[in-house]
Amino acid sequence: MTKTIAILGAGAWGTTLANLARVNGHEVRLWSRQGDLSLEDVVKNAEIVLSAISMKGVQDVALLVKSCQVSPQTIFVTATKGLDAKTTRTPSQIWQTEFPDHSVVVLSGPNLSQEISQGLPAATVVASKNTAAAQVVQQIFSSGRFRVYTNSDPVGVELGGTLKNVMAIAAGVCDGLHLGTNAKAALVTRGLTEIIRIGKVLGAKTETFYGLSGLGDLLATCNSPLSRNYQVGYQLASGKTLTEILASLPGTAEGVNTCQVLMQISQQQNITMPITEQVYRLLETQITPKQALDELMLRDTKPEYHQ
């Protein structure tokens, strides 16, 4: 059945999702702050409101939507990857707080928008505590080139897409220093272990991180020059400053902000985050890429897994 969909955020990802829904015959209204359509007109009578805006704008836009007329049956979908700097909340937690009586669905996966817009095959995950809501969103975006799976662990799906951005910065550094395949494999594997450790403390299910929104997204962003976070790490290793890199990037590298928020969480929850810590110190210009590598390699020896 045809749905009316409001997509907030006309960047690469929001536009790609809008096109996927349009191809499937849905009515799509695309909103941006610079656009001609008002937010109230875009969300009015929309059955789906999908947010694809950058993390820094989520709270403000959620409050703006709250002041508009939204149907009681509207399903909110968040496709943003990040953590709020002030509250450490995820995007879905922000939307659920503002709309406690609505279903909220998280959409995340190995989704490099440029490849999807070219019609290359891809898959993603839609997760919600409300199975029916997730299934509605699944049908809206599923196609022969875009396979959509459902999941009942929205926190895990969201954290997988968020935390991997920090690991992608580290992977970019690894490649920028030309450290080789062995080093990259070790980094990504230990990065997944770190993601799982953080996720479990924050209420996610371990098995979610072995799926598309965890391992799948991690592999995609740690190995693709199309990833903005990977580019941050690669260019840092090449001698550029963070200010220079961010000024030239098309879009937001959410891993930079996420890394800062994770350090807050690490202190509050006493979670060991060795890779995240070194990425943070690198971003803060406290150490060089080579020093970050040395710090990780010279950590105390230990078992791979705690029994």
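Whatever comes next refers back to the structure up there.
Residues numbered from 1 in each chain as written. Predicted model: local features only at pLDDT ≥ 70, side-chain atom pairs only at ≥ 80, totals over all residues. Heavy atoms only, no water.

Enquirer: Quick one: what's the story with the overall build of the chain, residue by residue and with numbers?
Expert: Within the chain, the regular secondary structure consists of 14 helices and seven strands. Against the globule reference of 19 Å for 307 residues, the chain gives a C-alpha radius of gyration of 19 Å, in line with a compact fold. For the chain, the C-alpha atoms occupy an extent of roughly 60 × 45 × 40 Å along the three principal directions. Out of the 307 residues in the chain, the part that is buried amounts to 52%. Relative to all contacts within the chain whose residues are 6 or more apart in sequence, the contacts with residues 24 or more apart total 69%. For the chain, the accessible area works out to roughly 14,400 Å², and carbon and sulfur atoms hold 50% of it. Counting 25 positive and 24 negative side-chain charges, the chain places the averaged centre of each group 3 Å from the other. (Helix = DSSP H or I, 4+ residues; strand = E, 2+ residues; numbered from the N terminus. Rg over C-alpha atoms; globule rule 2.2 N^0.38 Å. Buried < 20%, exposed > 50% of the residue type's maximum accessible area, 1.4 Å probe, protein only. Contact = heavy atoms within 4.5 Å. Areas by Shrake-Rupley, 256 points an atom, 1.4 Å probe, with all protein chains shown as cover. Lys, Arg positive; Asp, Glu negative; His and termini not counted. Charge placed at Lys NZ, Arg CZ, Asp CG, Glu CD.)

Enquirer: Now, about the pattern of salt bridges: what can you tell me, with residues and values included?
Expert: Here the structure, examined in full by the defined rule, presents eight salt bridges. With a shortest N-O distance of 3.9 Å, Arg281 and Glu295 are connected by a salt bridge. With a gap of 14 residues between them, Arg281 in helix α13 (residues 274-283) and Glu295 in helix α14 (residues 289-297) connect regions that are remote in the sequence. What you see here is one network of salt bridges that share partners, running through Lys81, Lys164 and Asp217. (Salt bridge = Lys/Arg side-chain N within 4 Å of Asp/Glu carboxyl O.)

Enquirer: Account for helix α6 (residues 131-141), with residues named and values stated.
Expert: Every α-helix carries 3.6 residues per turn, so stepping three or four residues along brings you back to the same face. For α6, the set of buried residues is Ala133, Ala134, Val137, Gln138, Ile140 and Phe141. Buried residues along α6 cover an arc of 160° about the axis, so they all sit on one side. At the N-terminal boundary of α6, the capping side chain belongs to Asn130, with an oxygen 3.0 Å from the backbone nitrogen of Ala132. (Arc of directions from axis to C-beta. Polar contact = N/O pair within 3.5 Å; in protein donor to acceptor, adjacent residues only side chain to side chain.)

Enquirer: Summarise the packing of helix α8 (residues 181-201) against helix α9 (residues 212-223); cite the residues concerned and give the values.
Expert: Each pair of packed helices can be summarised by the angle the axes make with each other and by the distance between the axes. Where α8 contacts α9, the two axes come as close as 11 Å, and the packing angle between them is 140°. It follows from the interaxial angle that α8 and α9 lie oblique. Where α8 crosses over α9, the handedness of that crossing is right-handed. For the pair α8 and α9, contact is made by Lys184, Val188, Leu192 and Ile195 and by Leu215, Leu218, Leu219, Cys222 and Asn223, respectively. Taken together, the residues of the contact of α8 with α9 break down into seven nonpolar, one polar and one charged. (Axes fitted to C-alpha atoms, helices over the stretch in contact; angles between N-to-C directions. Parallel < 35°, antiparallel > 145°, perpendicular 65-115°, else oblique. Left-handed = near helix turned anticlockwise from the far one by under 90°. Nonpolar A, V, L, I, M, F, W, Y, C, P; charged D, E, K, R; others polar.)

Enquirer: Give me the side chain of Glu254: which residues, what numbers.
Expert: With respect to the helices, strands and loops of the structure, Glu254 is situated in helix α12 (residues 254-269). Within the structure, the side chain of Glu254 is placed 2.8 Å from the backbone nitrogen of Met55, a separation counted as a polar contact. Non-local contacts of Glu254, meaning those with residues more than four positions away in its chain, are made with Ser54, Met55, Lys81, Asn165 and Asn229.

Enquirer: Lay out the environment of Thr150 with the relevant residues and their values.
Expert: Here Thr150 is to be found in strand β7 (residues 146-151). In this structure the C-alpha to C-alpha distance between Thr150 and Val125, which are 25 residues apart in sequence, comes to 5.6 Å. Residues contacting Thr150, with those up to four places away along its chain left out, are Val125, Val126, Ala134, Gln135 and Gln138.

Enquirer: Which residues make up the packing of aromatic side chains, and what values do they have?
Expert: In the structure shown here, the tally under the stated rule is four aromatic pairs. Both rings, one in Tyr230 and one in Tyr234, keep their centres 6.0 Å apart while their planes meet at 25°; by these two values the pair is stacked. Here the residue Tyr230 and the residue Tyr234 both occupy positions in helix α10 (residues 228-237), the gap between them amounting to four residues, near one helical turn. With relative accessibility at 6%, the residue Tyr230 sits in the buried group. An aromatic cluster is built from Phe76, Trp95 and Phe99, whose rings are joined through pairwise contacts. (Phe/Tyr/Trp six-rings, centres within 6.5 Å; stacked < 30°, edge-to-face > 60°.)

Enquirer: Outline the pairing of strand β3 (residues 48-51), listing residues and values.
Expert: Judged by which residues are buried, β3 turns out to be covered on both faces: Ile48 and Leu50 on one side and Val49 and Ser51 on the other are all buried. Sheet topology note: the strand β1 (residues 4-8)/β3 ladder contains four bridges and is parallel. Paired with Ala6 across the bridge in β3 is Val49. Looking at chain direction, β3 and strand β4 (residues 75-78) are connected through four bridges and run parallel. What sits directly across from Leu50, in β4, is Val77. Read from β3 through helix α3 (residues 58-66) to β4, the crossover connection turns out right-handed. (Pairing = 2+ DSSP bridges. Right-handed = clockwise from strand over helix to strand, strands pointing away.)

Enquirer: Help me get a handle on the pairing of β7, residues and values and all.
Expert: Bridge count between strand β6 (residues 122-127) and β7: six bridges; the pairing is parallel. Note that in β7 the partner of Ala127 across the bridge is Asn151.

Enquirer: Tell me what's going on with unusual backbone geometry, and back it up with residues and numbers.
Expert: Positive phi outside glycine occurs at Asn45, with the angle close to 60°. As for its placement among the helices and strands, Asn45 is situated in the loop between α2 (39-43) and β3. Assessed through its relative accessible area of 57%, Asn45 is described here as exposed. You will see that His178, though not glycine, has its phi angle at about 55°, which is positive. Tracing the backbone through its elements, the reader meets His178 in the loop between α7 (154-176) and α8.

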